[in-house]
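Observations on chain architecture
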Amino acid sequence: MNGILPLWKPKGLTSHDCVFKLRKILKTKKVGHTGTLDPDVTGVLPICIGRATKIAEYLTEAGKAYEGEVTLGFSTTTEDASGEKVEEKKIDQVIQRKRILEVLESLTGKIEQTPPMFSAVKVNGKKLYEYARAGIDVERPTREVTIYDITLLDDRSEFKGKTISFRFRVNCSKGTYIRTLAVMMGEELGFPAHMSDLTRIESAGFKQEDCFTFSEVEEFMENGQTDEFLLPLERGLFHLPKFQFSDKVAKKVLNGAVLEQTKDVVVEKGMPFVMVDPADKAIAIYQIHPTKEGLIKPVKVLAQEL
């Protein structure tokens, strides 16, 4: 069993919980997810099965899109609705739509984020949430992420009340914490805030309409219809440059040979690209050789045979 299963993750399960459950349903151990989704978050979670686990890192690299809700008025320990209340501030003013749009615009592009304490980012070999649960505060690494665009999903012209919530859609790079983005929105508006709801609507090119639920996967398995939910691993490599080679060099690619760089292979040094056969089957992932001019070298061989 090899391929990608675009799963619609339900609320209440971690990404690892989903993998554990699918190993039982699919009766295979070679199952891996493509990026952590918090238990409270629903949405698209591509799952790699069999040989497709070799490309999990490339799916993780691809962009993602979310629809979320930010609530102004109080912040929480986890930056989302599951945490304990930390800071509270009464909203004593009407916030104009124009001001919220200005804030969303200011957070678009390259921004710096400090991951929340309750996250899987590692510091000195331990995950931040392990420190948080032990009550230990550690210095967290700040990193740069890219927010491609943010859209306000609310048609109100004025926002008022003891707490204010509004929905948004965001397209972003890997490594973006939407919880932290919600907190940053609040800071820009002058109020403590947290992310009160979140759904991942796209990941690595997969959308909600491409996804399957656990019950659907179980039903297909019972009927022996694995082809109904398993997509070819090529679907997970759509965002990488692709170069076709002739049958003549197919065996060399399959054996992971270092090859001469042909004129059509034009990519930046260090950027991975996919070598496909005449039938568009992904055989291996290559890159420009880091030290030998005019050569390309394999990063991963994906196929077992031609």
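Reference entry: report on the structure contained in this document.

Here is what the cut-offs are and how they apply
Residues numbered from 1 in each chain as written. Predicted model: local features only at pLDDT ≥ 70, side-chain atom pairs only at ≥ 80, totals over all residues. Heavy atoms only, no water. Helix = DSSP H or I, 4+ residues; strand = E, 2+ residues; numbered from the N terminus. Expected span 1.5 Å × (residues − 1). Buried < 20%, exposed > 50% of the residue type's maximum accessible area, 1.4 Å probe, protein only. Arc of directions from axis to C-beta. Contact = heavy atoms within 4.5 Å. Pairing = 2+ DSSP bridges. Axes fitted to C-alpha atoms, helices over the stretch in contact; angles between N-to-C directions.

Re helix α1 (residues 15-26)
Taking 1.5 Å per residue as the helical rise, α1 with its 12 residues ought to reach 16 Å, and the 16 Å between its terminal C-alpha atoms agrees with that figure. All of the buried residues along α1 are Ser 15, Cys 18, Val 19, Leu 22, Ile 25 and Leu 26. The arc that holds the buried residues of α1, viewed along the axis, is 125°, so those residues lie on one side. Of the surrounding secondary structure, the elements contacted by the buried residues of α1 are β1 (3-9), β2 (31-33), β3 (42-49) and α6 (214-222). After α1 finishes, the residue Lys 27 shows a positive phi value of roughly 55°.

Here's the deal with the side chain of Thr 146
As for its position among the elements, Thr 146 is in strand β11 (residues 143-152). A relative accessible area of 17% places Thr 146 in the buried class. Ignoring sequence-local partners within four residues, the contact set of Thr 146 consists of Gly 109, Lys 110, Asn 171, Cys 172, Ser 173 and Thr 176.

Structural notes on the sheet that holds strand β18 (residues 273-276)
Either a parallel or an antiparallel arrangement is found when strands of a sheet pair, and the pairing is made through backbone hydrogen bonds. If you walk across this open sheet you meet the 5 strands as β16-β18-β19-β20-β17, and the pairing is mixed. What marks the edges here is a single partner per strand, and that holds for β16 (242-244) and β17 (259-260). In the packing of helix α7 (residues 247-254) onto the sheet, the strands contacted are β17, β18, β19 (282-288) and β20 (295-301), and the crossing angle to β19 comes to about 80°.

Digging into helix α5 (residues 178-189)
With 12 residues, α5 ought to run about 16 Å at 1.5 Å a step, and its terminal C-alpha atoms sit 17 Å apart, in line with that. Judged by how many residues are buried, α5 sits mostly within the fold: 10 of 12 residues are covered. Listing the buried residues of α5 in full gives Ile 178, Arg 179, Thr 180, Leu 181, Ala 182, Val 183, Met 184, Met 185, Gly 186 and Leu 189. Remark: Gly 190 follows α5 within two positions and exhibits a positive phi of approximately 90°.

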